[in-house]
Every structure is written in structure tokens, then in C-alpha cells.
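Overview (structure and organization)
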Amino acid sequence: MSSLSYTLNDGNTIPWLGFGTGTALYGKDASSQVKAAIDHGITHLDGAQVYQNEKALGEGIKASGKPRESLFVTTKFGPNTKGPTPVIRDTLVESLSKLGLDYVDLFLIHQPYPLNERGELKKTWQELEAIQKEGLAKSIGVSNYRVVDLKELLEGATVVPAVNQIEFHPYVFDTAEEIYEFSKSKGIRIASYAGLAPITHVKGGPVDAPVNAAAERLSKETGKTVEPAHVLTKWLLQKGIIVVTTTSKPERITATLNVPNLPDLTAEELKAIDVEGAKLHRRIYMRHVFGEAKANV
Ligand SMILES: NC(=O)c1ccc[n+]([C@@H]2O[C@H](COP(=O)([O-])OP(=O)(O)OC[C@H]3O[C@@H](n4cnc5c(N)ncnc54)[C@H](OP(=O)(O)O)[C@@H]3O)[C@@H](O)[C@H]2O)c1
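Residues numbered from 1 in each chain as written. Predicted model: local features only at pLDDT ≥ 70, side-chain atom pairs only at ≥ 80, totals over all residues. Heavy atoms only, no water.

The condition that has to hold: UniProt positions are given in the numbering used here, feature names are shortened, and annotations may be inferred rather than shown by experiment.
Per an unreviewed UniProt entry, the recorded name for the chain is Aldo/keto reductase, and the organism is Cylindrobasidium torrendii FP15055 ss-10. The record in UniProt for the chain states the following under Sequence similarities (unreviewed entry): "Belongs to the aldo/keto reductase family."

See the structure below:
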């Protein structure tokens, strides 16, 4: 089991692997899954206002019996598309009440839309800066922000976002790489979601061959089964990326938490995954932000 964590630009640390309550657990009572994840070694939980299960996330945390300070909890402000943007602090106070917590470790703006269209990227970021100052969130950041959104936000910022959580896997590497490089140059840590998309959503794609080959090599070398999912996770880790995942099978968490201890992918294996990934573009979430679909949120 690994306790690897990253230090963020504000000096706080974040465990490399987060357990998410969106996607498969969206709108569901996630409490038993959250407790099971913590029981299996997870210390980083990823929630959001739009997932409509912050109460269940809080219940799972409480049921785990773990001290608050041993856990890292994220929630996200979900910009509303109907009506004016609310006072963000008010939404966080409501989230904290649902979570049963006094503070979150990380508070993110879930997506730039429709704040970008409303000219509110700077204003909303300044609200997050005030929230951090008050101590309601230890770290603050964004999610699904493109380079253009980050540039606009930074023009009015006194605090650089600690994290930008984006979809990151080989089939979006073409667009994610630019965000990754820009974020890195500003000290913003990338967190990934949908990292397992080549297995869960895009089976039979071009990265299967290099991913399966690396899994086979690592299985032989370690004498234990290394799955394709672990190779995709290692690909993210070797880029210094925080990984947010989820599973209905808590026993999978143990193997995933061991990924930092696996031998590294070679430069050739990493390159083969990049090259094959670039042959196909498949974005699973937030397609409207990237101009790949109409907004439907
Ligand atoms: N900021 C955003 O806009 C945004 C968007 C999407 C997601 N997220 C966050 O990221 C979290 C994870 O997103 P995601 O579901 O896309 O993550 P993911 O890691 O790409 O996929 C998770 C799925 O992979 C399967 N899986 C897990 N381990 C596996 C293994 N070893 N082999 C094969 N399959 C495996 C799981 O199925 P089983 O249940 O069968 O294990 C699970 O349904 C969400 O819950 C949410 O917190 C954020």
C-alpha cells in the first residue's frame, strides 16, 4: 500500500489517489462505498455539489471512524446555468453542513461554463480566494479549465489555483497535454478523472496493444497480476498527476494503491501509449466546454 502524496503550490499535501462519488455514484447513496473505500486505504475523497450526494459522502466519512485530519476531502462549486451565479461562499456553507465538516481540504470550481460566457471567471476566483482566507477550504482550485480560462482567471488572481482537475487519458492527450504543460508552468497540479476510459468507454482502441504489452511485462517482472488499469494509472503517475477514480469493487482499491510501488513504465512504453492514443480522440465528459457538444447541463 502506498501513502504517496503530492505537495501543492500552497504547501498543503494531497494523496495521489482520490475516490470519486460522481460518475457511477452520481445521485446515489454513496455512504457504504465511501466507508468501504476508506476501509481499503483511501484517504482522499472527491465529491461535488452537482453529484447530489454530499450528505452520503459525509455519512461514509463519519462511519469510517477516521480522524478528520487523516482524510483529504474535496467538493466542487457547480456553476448553475439557470439564474444568476449564487454567492459561492453560501453554497460551500451548505456543502459543509451536508458533509458534516468544518472545512474541505480542496474546493474547486467544477467547470468554466457558463462563468466564462458571463465574464465571471475572475470574480468567482476572487470569491474562492476569500473562502481560502477564511479557512473554509484549505486549498482552492478549478476543474475543466482550458488554457484560455486559466489565463483569464490568473489576470485577476492573487492566489494561483492549486489544482486543475481534468479528463486525462491517452484519447484526450492531444488537448490535455496543452493544459498540462501550461498548468505545470504556473505551478498548478493536474488531477485526472476518467483515466480508465480506454478500458471502460473505448474498448478495442489503439492504446490497448501497448497497454496490454506493458501489463504483461510488469506481471512477469513482479510475479503478480498487473492489470491494464494499473498501466494507465502508472502512465498518469509518471506525469506527476493526481488520479481520481472510483470502483464498486473495493478490493480493486488495494491493487490500485500499490501502483506507485510497481516498476516504472519505460520511456518506450510511455511513448507508445502517447503515440497510439493520439490516433483517436474520445472525450467522455464536459464535451461542451471543449466545443465538442452543445451545453446540456
Ligand atoms: N471534474 C469533473 O468534471 C469530473 C468528471 C467526471 C468524473 N469526475 C470524478 O472522477 C471520479 C472518477 O471518474 P471515472 O468514473 O471516470 O473514473 P475512472 O477511473 O476512469 O473509471 C472508473 C470505473 O473504472 C472501473 N475500474 C476501476 N478499477 C478498475 C480495474 N482495475 N480494471 C477495470 N476497471 C476498473 C470501475 O468499475 P467497477 O465498479 O466495475 O470497478 C469504475 O466504474 C468521479 O467519481 C468523480 O469524482 C470528475
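A few points about the overall build of the chain
How we decide: Counting from the N terminus, the helices are the DSSP runs of H or I reaching at least four residues and the strands are the DSSP runs of E reaching at least two. C-alpha atoms define the radius of gyration in this analysis, and the globule rule sets the expected value at 2.2 Å times the number of residues to the power 0.38. The buried label applies to any residue whose accessible area, calculated with a 1.4 Å probe on protein chains only, is under 20% of its type's maximum; exposed applies above 50%, and partly exposed to all values in between. Note on contacts: a residue pair qualifies if any of its non-hydrogen atoms lie within 4.5 Å across the two residues. The accessible surface values rely on the Shrake-Rupley method and a 1.4 Å probe; as for residues, cover is taken only from the protein chains in view. His is not counted here, nor are the chain ends, while Lys and Arg score as positive and Asp and Glu score as negative. Think of each charge as sitting on NZ of Lys, CZ of Arg, CG of Asp or CD of Glu.
Along its length, the chain carries 11 helices and 10 strands. Against the globule reference of 19 Å for 297 residues, the chain gives a C-alpha radius of gyration of 18 Å, in line with a compact fold. The dimensions of the chain, computed from C-alpha atoms along their principal axes, are 55 × 40 × 35 Å. A burial count over the chain gives 53% of its 297 residues as buried. Counting only contacts in the chain whose residues sit at least 6 apart along the sequence, the fraction spanning at least 24 positions is 77%. For the chain, the accessible area works out to roughly 13,000 Å², and carbon and sulfur atoms hold 52% of it. Of the side-chain charges in the chain, 34 are positive and 35 negative, and the distance between the mean point of each set is 2 Å.

Some points on the packing of helix α2 (residues 54-64) against helix α3 (residues 88-99)
The test is simple: Note on method: axes are straight lines fitted to C-alpha atoms, helices fitted across the in-contact stretch only, with angles between N-to-C directions ranging 0 to 180 degrees. Convention used here: angles under 35 degrees read as roughly parallel, angles over 145 as roughly antiparallel, angles from 65 to 115 as roughly perpendicular, and any remaining angle as oblique. When residues are grouped by polarity, Ala, Val, Leu, Ile, Met, Phe, Trp, Tyr, Cys and Pro land in nonpolar, Asp, Glu, Lys and Arg in charged, and all others, Gly among them, in polar.
Running from N to C, α2 and α3 point in directions that differ by 45 degrees, and their axes come no closer than 7 Å. Accordingly, the angle class assigned to the pair α2 and α3 is oblique. Across the interface between the two elements, Glu 54, Lys 55, Leu 57 and Gly 58 from α2 touch Ser 95, Lys 98 and Leu 99 from α3. Across the contact of α2 with α3, the residue classes break down as two nonpolar, two polar and three charged.

A word on the packing of aromatic side chains
Applied cut-off: Two rings belonging to Phe, Tyr or Trp (six-membered ring only in the last case) form a pair when the distance between their centres is within 6.5 Å. Interplanar angles under 30 degrees mark stacking, angles over 60 mark edge-to-face geometry, and anything in between is tilted.
Following the criterion strictly, the structure yields six aromatic pairs and no others. For the pair Phe 168 and Trp 235, a centre-to-centre distance of 5.7 Å together with 55 degrees between the ring planes defines the contact as tilted. With Phe 168 in the loop between β8 (163-167) and α6 (173-186) and Trp 235 in helix α9 (residues 228-237), the pair connects residues that are 67 residues apart, well separated along the chain. Residue classification places Phe 168 among the buried positions, given a relative accessible area of 0%. Of the aromatic side chains, those joined through ring pairs into one cluster are Phe 168, Phe 173, Tyr 180 and Trp 235.

With respect to the pairing of strand β7 (residues 137-143)
The condition that has to hold: Between any two strands, pairing holds if DSSP finds at least two bridges. The path from the first strand over the helix to the second decides the hand: if it runs clockwise while the strands point away from the viewer, the crossover is right-handed.
Counting buried positions over the seven residues of β7 gives six, a clear majority of the element. Where strand β6 (residues 104-109) meets β7, five bridges bridge the pair, whose relative direction is parallel. Bridging from a neighbouring strand, Val 104 pairs with Ala 137 of β7. Since β6 and β7 lie parallel, the crossover through helix α4 (residues 121-134) that links them has a hand, and here it is right-handed. The pairing of β7 with β8 spans two bridges and is classified as parallel. The residue bridging Ser 143 from the neighbouring strand is Gln 165, located in β8. Running through helix α5 (residues 147-155), the crossover from β7 to the neighbouring parallel element β8 is right-handed.

Some thoughts on the sheet that holds strand β5 (residues 72-77)
The strand order β3-β4-β5-β6-β7-β8-β9-β10 describes a closed barrel built from eight strands, whose pairing is parallel. Shown here is a sheet whose adjacent strand axes are inclined to one another by a mean of 30 degrees, direction ignored. Two elements, strand β3 (residues 17-20) and strand β10 (residues 242-245), share three bridges in a ladder whose sense is parallel. For Gly 18, the partnering residue across the bridge sits in β10 and is Val 244.

A closer look at the pattern of salt bridges
Applicable threshold: Any Lys or Arg side-chain nitrogen found within 4 Å of a carboxyl oxygen on Asp or Glu counts as a salt bridge.
A full pass over the atoms with the stated rule returns 15 salt bridges. Notably, a salt bridge pairs Arg 146 with Asp 149, separated by 2.9 Å at the nearest N-O pair. Arg 146 sits in the partly exposed class, given a relative accessible area of 24%. A salt bridge links Glu 221 to Arg 217, with the nearest nitrogen and oxygen atoms 2.6 Å apart. Residue Glu 221 and its partner Arg 217 are located together in helix α8 (residues 208-222), separated by four residues, close to a single helical turn. By relative accessible area, Arg 217 is classed as partly exposed at 22%. Residues joined by salt bridges that share partners form a network here, namely Arg 217, Glu 221 and Glu 269.

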